[in-house]
Amino acid sequence: MNIFNLLAQDEYRQQRTSRFIVEGALFQLILSFIMIALYLNTEIKPLILLAIPVFFFLIYIVLRYIISGIEYSEVFSKDEYMQMKKRNIFRSIGFATVFAVMMILVKSSIFESIAVAFIAGVLWLIMDTISLSKSYRKNQEL
Amino acid sequence: MVNKIKLARMEKGLTQSQLAEAVGVTRQTIGLIEKNAYNPSLQLCLAIAKKLNKTLNDLFWEE
């Protein structure tokens, strides 16, 4: 089994995604050394120092993936773009709804659960919109 | 890497989407290859050449 097939079936997307992961891992390694130095010389909690490189790694990969414009590789026309935009809005609403229900089941505060789910839904939509817009612009040049 | 895929594809009367589907990649990848913005793997080069009934020399050799 080829592990790259887990990333994507398309070889260009596979190559780009693996590149982002490698870059992220390299930054994570460098950050980890910085965090060790901080751990030895400051009073910052170890858990925070441990979490920073991991979160940086995850955020870096997601941002690079979104900005690279490889997610919507089949969106070439204005119609496809608008259709996908509409689909993303419904997907975000669906995601926020499921998230809110899960939060309400786990937490007791309804207001807090809805607020967090709303923010998550908006962030999801923003990421999807940027990714779609970048992909569409990239595809227009081809 | 300069290539003549676009020309060969048009001669064959295929769209980017049709070629992409036939060789198992996305239309974006075919577009990038035609624009010389991405160097495909040998496996993909062979799949494209077979689909277009061309040899690798026909598609990728620079005179």
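Going along each chain's sequence as written, the residues are numbered from 1 onward. A letter from A marks each chain and a number from 1 marks each ligand, given out in the order of writing. pLDDT decides what is reported in this predicted model: residues at 70 or higher carry local features, side-chain atom pairs at 80 or more are listed and counted, and totals for whole chains, interfaces and linings draw on all residues regardless. Excluded from the side-chain calculation are hydrogens and water; included are all heavy atoms of the structure.

Under the annotation held in an unreviewed UniProt entry, chain B carries the name HTH cro/C1-type domain-containing protein and is attributed to Viridibacillus arenosi FSL R5-213.

Draft legend 1. Examining the interface of chain A and chain B more closely. Counting residues at the interface gives 15 residues for chain A, matched by 14 residues for chain B. Here the quantity called buried area is the total loss of accessible area, with a 1.4 Å probe, experienced by two parts when brought into contact, counted for both. Summed over both partners, the interface of chain A with chain B buries about 1300 Å², with 54% contributed by carbon and sulfur atoms. In terms of surface lost to chain B, no three residues of chain A exceed Glu11, Tyr12 and Leu142 of chain A, which account for 46% of the buried area on that side. Whenever Lys or Arg places a side-chain nitrogen within 4 Å of a carboxyl oxygen from Asp or Glu, that contact is recorded as a salt bridge. Inspection of the chain A/chain B interface yields zero salt bridges. Two N or O atoms count as a polar contact when they lie within 3.5 Å, although within protein this holds only if one can serve as hydrogen donor and the other as acceptor, and sequence-adjacent residues are included solely when both atoms are side-chain atoms. Counting across the interface, chain A meets chain B through nine residue pairs in polar contact (both at pLDDT 80 or more). Considering each element in turn, the side of chain A that touches chain B owes the most residues, four residues, to helix α1 (residues 11–41) of chain A. Here the nonpolar group is Ala, Val, Leu, Ile, Met, Phe, Trp, Tyr, Cys and Pro; Asp, Glu, Lys and Arg are the charged ones; every other residue, Gly included, is treated as polar. Considering only residue class, the side of chain A that touches chain B consists of four nonpolar, five polar and six charged. The contact rule is simple, with two residues in contact once any of their heavy atoms fall within 4.5 Å. Numbered from the N terminus, helices here are DSSP runs of H or I no shorter than four residues, and strands are runs of E no shorter than two.

Draft legend 2. Just the pattern of salt bridges, in detail. Residue and element names in this part refer to chain A. Throughout the structure, instances matching the rule amount to five salt bridges over all chains. Across the pair arginine 64 and glutamate 23 runs a salt bridge, and its minimum N-O distance is 3.1 Å. Here arginine 64 is found in helix α2 (residues 46–68), whereas its partner glutamate 23 is found in helix α1, with 41 residues between them in sequence. Partly exposed residues are those whose accessible area sits between 20% and 50% of the maximum for their type, while under 20% is buried and over 50% is exposed, using a 1.4 Å probe and protein chains only. Residue classification places arginine 64 among the partly exposed positions, given a relative accessible area of 26%. On the accessibility criterion, glutamate 23 (18% relative accessible area) is buried. Among the ionic pairs, arginine 91 bridges to aspartate 128, the shortest N-O distance being 2.9 Å. Of this pair, arginine 91 sits in helix α3 (residues 78–106) while aspartate 128 sits in helix α4 (residues 110–140), and the two are 37 residues apart along the sequence. On the basis of relative accessible area, aspartate 128 is assigned to the buried category, the value being 6%. Overlapping salt bridges, with partners in common, bring together Arg19, Glu23 and Arg64 in one network.

Draft legend 3. Seen up close, the nonpolar core. Nonpolar cores were defined as sets of buried Ala, Val, Leu, Ile, Met, Phe, Trp, Tyr and Cys residues, with membership established by side-chain atoms within 4.5 Å. Ile5, Leu19, Val23, Ile30, Ile48, Leu52 and Leu59 of chain B are the most contacted members of the largest nonpolar core, which has 21 residues in total. Secondary-structure elements contributing two or more residues to this core are α1 of chain A together with α1 (5–12), α2 (16–23), α3 (27–34), α4 (42–51) and α5 (56–60) of chain B. With four residues, the single largest contributor to this core is α4 of chain B. In this structure, isoleucine 5 of chain B is in contact with Leu19, Ile33, Glu34, Ile48, Leu52, Leu59 and Phe60 of chain B, ignoring residues within four places of it in sequence. Within the second largest apolar cluster, five residues are counted, among which are Tyr72, Val75, Tyr81 and Tyr136 of chain A.

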